[in-house]
Amino acid sequence: MKAFLVVGNLKMNLLTEAEGERYLGELKKAAYGKHLSGVQGVIAPPFIHLYRFAHLPTHFHLGAQDMHWEKSGAATGSISSSMLKHAGVEYVLLGHSERRSTLGETDALVRAKVDAALRENLVPIVCLGETREERERDTTTTVIARQLEATFAGLSLLQAEKVIVAYEPRWAISTSGTGLIPSTTDIFQVKVFIRKWFTEHFDAKLAERVRVLYGGSVNSIHLGSLSWEAEMDGVLVGKESLFPRELVKMMEMAERHIQSLA
Ligand code: PGA
């Protein structure tokens, strides 16, 4: 069975060594003694904290927030897949909307990073989703189809299965300032669309296997309606992931939900 994933995207926070240490300490305390058989956590800190976060508590894996598509060389200011691998990273967020919108990352660039991550045996978590205007114009599925096409075209079944999709409607991300979140039905419809896309472009088995997360203003209050009620395989959490106790609480909630189905 696929583990329910709770991914914490710490973004550009934890400004000092002391803040990094404090976060880790709190996470260890919160996770101590927890039995989570169906849930997995991923913490994606800023690059500068990666080595500090190399020894995470049980149930947690190390993630990164981005990477360059080249292995090494003339790319001032960038971090490569190989560097991440050596730092103990297993998962990497790619194409986050904050990078697409403020740094101009294109679908093609994100795809180059997906290829590089797969080559290095890192699990890419590719973020996609529509803007508010695109939703209002009723083009959500067109946008998602374009992003899926750019991400997956030409990958083998084996490669495609390794990629995790994070559906993040841009207007629902807490920093977008809209204060809006999608309904369970909204998310479920996108999930159905994504599954159909995979069935048509790969096969039905892969459509079942590919993990699709939801991201955008996830907290412990809305967790169920934003994830398992919409048949999502996990969540990508920004703001609330800065509170380790909340993150672990969400993992425990997911675990209880999974156990209730058993
Ligand atoms: P949020 O961020 O949970 O603060 O909305 C999610 C994200 O940007 O990945």
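Quick notes on the rules
- Residues numbered from 1 in each chain as written.
- Predicted model: local features only at pLDDT ≥ 70, side-chain atom pairs only at ≥ 80, totals over all residues.
- Heavy atoms only, no water.
- Buried < 20%, exposed > 50% of the residue type's maximum accessible area, 1.4 Å probe, protein only.
- Helix = DSSP H or I, 4+ residues; strand = E, 2+ residues; numbered from the N terminus.
- Pairing = 2+ DSSP bridges.
- Axes fitted to C-alpha atoms, helices over the stretch in contact; angles between N-to-C directions.
- Near = heavy atom within 4 Å.
- Polar contact = N/O pair within 3.5 Å; in protein donor to acceptor, adjacent residues only side chain to side chain.
- Areas by Shrake-Rupley, 256 points an atom, 1.4 Å probe, with all protein chains shown as cover.
- Nonpolar A, V, L, I, M, F, W, Y, C, P; charged D, E, K, R; others polar.

Draft legend 1. Structural view of the pairing of strand β7 (residues 212-215). The alternating pattern of β7 places Val 212 and Tyr 214 on one face and Leu 213 and Gly 215 on the opposite face, and all of these are buried. Where strand β6 (residues 164-167) meets β7, three bridges bridge the pair, whose relative direction is parallel. Across the sheet, residue Ala 166 finds its bridge partner in β7, namely Leu 213. Strand direction decides the pairing type here: β7 and strand β8 (residues 234-237), joined by two bridges, are parallel. Bridge pairing links Tyr 214 to Val 235 in β8.

Draft legend 2. Summary view of the sheet that holds β6. The strand order β1-β2-β3-β4-β5-β6-β7-β8 describes a closed barrel built from eight strands, whose pairing is parallel. Along the sheet, successive strands turn relative to each other by an average axial angle of 25°, direction set aside. Taken together, the four bridges between strand β1 (residues 4-9) and β8 define a ladder with parallel strand orientation. Residue pairing across strands places Leu 5 opposite Gly 234, the latter belonging to β8.

Draft legend 3. Highlighting the site of the ligand. Neighbouring the ligand are 14 residues; Lys 11, His 96, Glu 168, Ser 174 and Ser 217 lie closest to it. Taking Lys 239, its main chain carries an N or O atom lying 2.9 Å from an oxygen atom of the ligand. Burial of the ligand by the protein amounts to 99% of the accessible area it has alone, namely 280 Å². When grouped by side-chain class, the residues that make up the shell around the ligand number four nonpolar, six polar and four charged.

Everything listed here is a matter of coordinates, which is why it stays silent on function.
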